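A look at the structure
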Amino acid sequence: MYLCYIDESGTADIPGTTSHFVLAGIAIPIYKWKNCENEINQVKRKYDLLQAEIHTGWLIRKYREQATISGFDSLNRLQRRTEVERFRRAELLRLQKSHTTRKAYDQARKNYRQTEAYVHLTYDERKAFVLEIAQTIGNWGFARLFAESIDKVFYDPHRAPNNIDEQALEQVVSRFEQYLNTKTTENMNYGLLIHDNNPTVAQRHTALMKQFHNKGTFWTRISNIIETPLFVDSSLTSMVQIADVCAYSIRRYLENGEDELFNEVIKRADRRGPIAVGVRHFTNPVCACKVCAAHRL
């Protein structure tokens with residue numbers, strides 16, 4: 001039995017706020033689940049993040065107030081949190097009293113809420129934490145990565161039968177099913193999809209998976225994947241957070257050429273010999289990125 005944890009990075013809207021949409025699934029055999037959880041928690045504990053969600057996009061960004069606080073890096077972690085929270089309270093009060101728009105106040109509140117678990121770490125420490133998580137994933141020789149990366153410039157919504165996120169799901173499901181087929185011997189190897197709970201897509205993806213069970217995908221029949229995706233709160237499930245790291249790493253590489261995290265997680269791409277069949281970049285046919293090179297090899 002394999003558990004495939006799924007998360008996305010970027011927006012599926014066209015044009016949206018990102019040039020790419022990435023849906024990634026990291027599959028592990030069920031008997032390795034506890035080991036994986038323990039390894040992730042060990043890294044989290046080192047950075048005082050044991051109870052925090054790994055949300056890579058919010059972790060790897062600079063927080064303005066940390067640069068404003070004198071000697072921030074030399075403070076201990078408790079002092080850093082105290083100083084940041086004091087700064088943020090003052091800033092929210094300032095925004096309330098000033099003539100700025102309500103939008104600016106709401107955006108500040110959102111930024112503070114999404115990053116409050118990480119403010120005791122410097123920017124370099126946060127980057128080091130995510131890199132350690134990526135390296136941990138890269139060392140899981142038993143895990144397999146499946147991902148569909150869609151360049152929205154080359155995606156034609158008038159010709160495609162599905163929305164971007166639906167096409168990505170069909171690709172990930174098909175590759176996971178084909179991987180399970182290669183692992184089948186005398187006994188069937190089954191798989192279960194565990195998806196970050198995005199209310200806007202849960203109903204559509206559930207219906208689409210039911211369709212796959214009845215009719216198959218464009219590429220394969222579904223015999224080994226059981227049930228429809230289970231939608232879970234990513235803040236409570238470390239392994240869905242790992243899928244977030246994978247999806248983010250792929251998107252940031254394709255959009256900005258940032259390959260430090262990418263080079264770690266791509267080690268787990270499902271392969272047939274030298275060909276990385278598990279990860280695809282839907283884009284210009286002459287793309288020279290590492291994903292396309294490995295997929296065409």
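These notes cover the structure that comes with them. What you are looking at is a predicted structure, and each value in this text was computed from that prediction instead of being measured. (Residues numbered from 1 in each chain as written. Predicted model: local features only at pLDDT ≥ 70, side-chain atom pairs only at ≥ 80, totals over all residues. Heavy atoms only, no water.)

1. A few points about the nonpolar core
Judged by nonpolar contacts, the single largest core of 58 residues is most densely connected at Tyr5, Phe129, Ile133, Ile137 and Ile242. Counting 23 residues, the second-largest nonpolar core is a separate cluster that includes Cys4, Ile6, Phe146 and Ala168. (Core = buried A, V, L, I, M, F, W, Y, C linked by side-chain atoms within 4.5 Å. Buried < 20%, exposed > 50% of the residue type's maximum accessible area, 1.4 Å probe, protein only.)

2. Things to note about the state of the cysteines
Counted according to the given criterion, the structure contains zero disulfides. Cysteine 287 supplies the cysteine sulfur nearest to cysteine 289, a cysteine that is in no disulfide, at a spacing of 3.6 Å. No disulfide involves cysteine 292; its sulfur sits 3.7 Å from that of cysteine 289, the nearest cysteine. (Disulfide = S-S within 2.5 Å.)

3. Focus: the pattern of salt bridges
Charged atoms that come close allow side chains of opposite charge to pair. Taken as a whole and judged by the stated rule, the model has 19 salt bridges. Salt-bridge contacts for glutamate 132 lead to lysine 46; the nearest nitrogen and oxygen are separated by 2.7 Å. Pair noted here: glutamate 132 is in helix 6 (residues 123-138) and lysine 46 is in helix 1 (residues 33-46), with a separation of 86 residues, a long-range link. Linking arginine 280 and glutamate 148 is a salt bridge whose minimum nitrogen-to-oxygen distance equals 2.5 Å. Remark: glutamate 148 occurs in strand 3 (residues 144-151) and arginine 280 occurs in strand 6 (residues 279-282); sequence separation between them is 132 residues. A residue is classified by how much of its surface remains accessible, and glutamate 148, at 0% relative accessible area, is buried. One continuous salt-bridge network, built from bridges that share partners, spans Arg64, Glu91 and Arg94. (Salt bridge = Lys/Arg side-chain N within 4 Å of Asp/Glu carboxyl O. Helix = DSSP H or I, 4+ residues; strand = E, 2+ residues; numbered from the N terminus.)

4. Details of the packing of helix 4 (residues 77-97) against helix 5 (residues 102-115)
Where helix 4 meets helix 5, the closest approach of the two axes is 9 Å, and the angle between their N-to-C directions is 165 degrees. Relative to helix 5, helix 4 is oriented roughly antiparallel. When the axes of helix 4 and helix 5 are compared, the crossing they make is left-handed. Between helix 4 and helix 5, the residues in contact are Arg88, Glu91, Leu92, Leu95 and Gln96 and Ala104, Tyr105, Ala108, Arg109, Tyr112 and Thr115, respectively. In the contact of helix 4 with helix 5, the residues fall into six nonpolar, two polar and three charged. (Axes fitted to C-alpha atoms, helices over the stretch in contact; angles between N-to-C directions. Parallel < 35°, antiparallel > 145°, perpendicular 65-115°, else oblique. Left-handed = near helix turned anticlockwise from the far one by under 90°. Contact = heavy atoms within 4.5 Å. Nonpolar A, V, L, I, M, F, W, Y, C, P; charged D, E, K, R; others polar.)

5. Overview of a nonpolar patch on the surface
Where nonpolar side chains cluster on the molecular surface, the patch consists of Met1, Ile30, Tyr31, Met188, Tyr190 and Ile226 and spans about 570 Å² of accessible area. In this structure, tyrosine 190 sits in the loop between helix 7 (164-183) and strand 4 (191-196). (Patch = residues over 30% accessible without salt bridge, like charges linked within 9 Å, V, L, I, M, F, W, Y side chains within 5 Å. Areas by Shrake-Rupley, 256 points an atom, 1.4 Å probe, with all protein chains shown as cover.)

6. Overview of the pairing of strand 2 (residues 20-29)
In terms of burial, strand 2 is a largely internal element, ten of the ten residues being buried. Here strand 2 shows no split at all, with His20, Val22, Ala24, Ile26 and Ile28 on one side and Phe21, Leu23, Gly25, Ala27 and Pro29 on the other all buried. Relative to strand 2, strand 1 (residues 2-9) is paired through eight bridges, and the arrangement is antiparallel. Residue pairing across strands places tyrosine 5 opposite isoleucine 26, the latter belonging to strand 2. Taken together, the eight bridges between strand 2 and strand 3 define a ladder with antiparallel strand orientation. Bridge pairing in strand 3 links valine 22 to serine 149. (Pairing = 2+ DSSP bridges.)

7. Observations regarding the packing of aromatic side chains
Centre-to-centre distance and the angle between the planes together describe a pair of aromatic rings. One pass over the full model with this rule turns up eight aromatic pairs. On the numbers, 5.6 Å between centres and 90 degrees between planes, the contact of tyrosine 2 with tyrosine 179 is edge-to-face. With tyrosine 2 in strand 1 and tyrosine 179 in helix 7, this pair connects stretches of sequence that are 177 residues apart. For tyrosine 2, a relative accessible area of 9% puts it in the buried group. On the basis of relative accessible area, tyrosine 179 is assigned to the buried category, the value being 4%. (Phe/Tyr/Trp six-rings, centres within 6.5 Å; stacked < 30°, edge-to-face > 60°.)

This is a description of form; function is not addressed.
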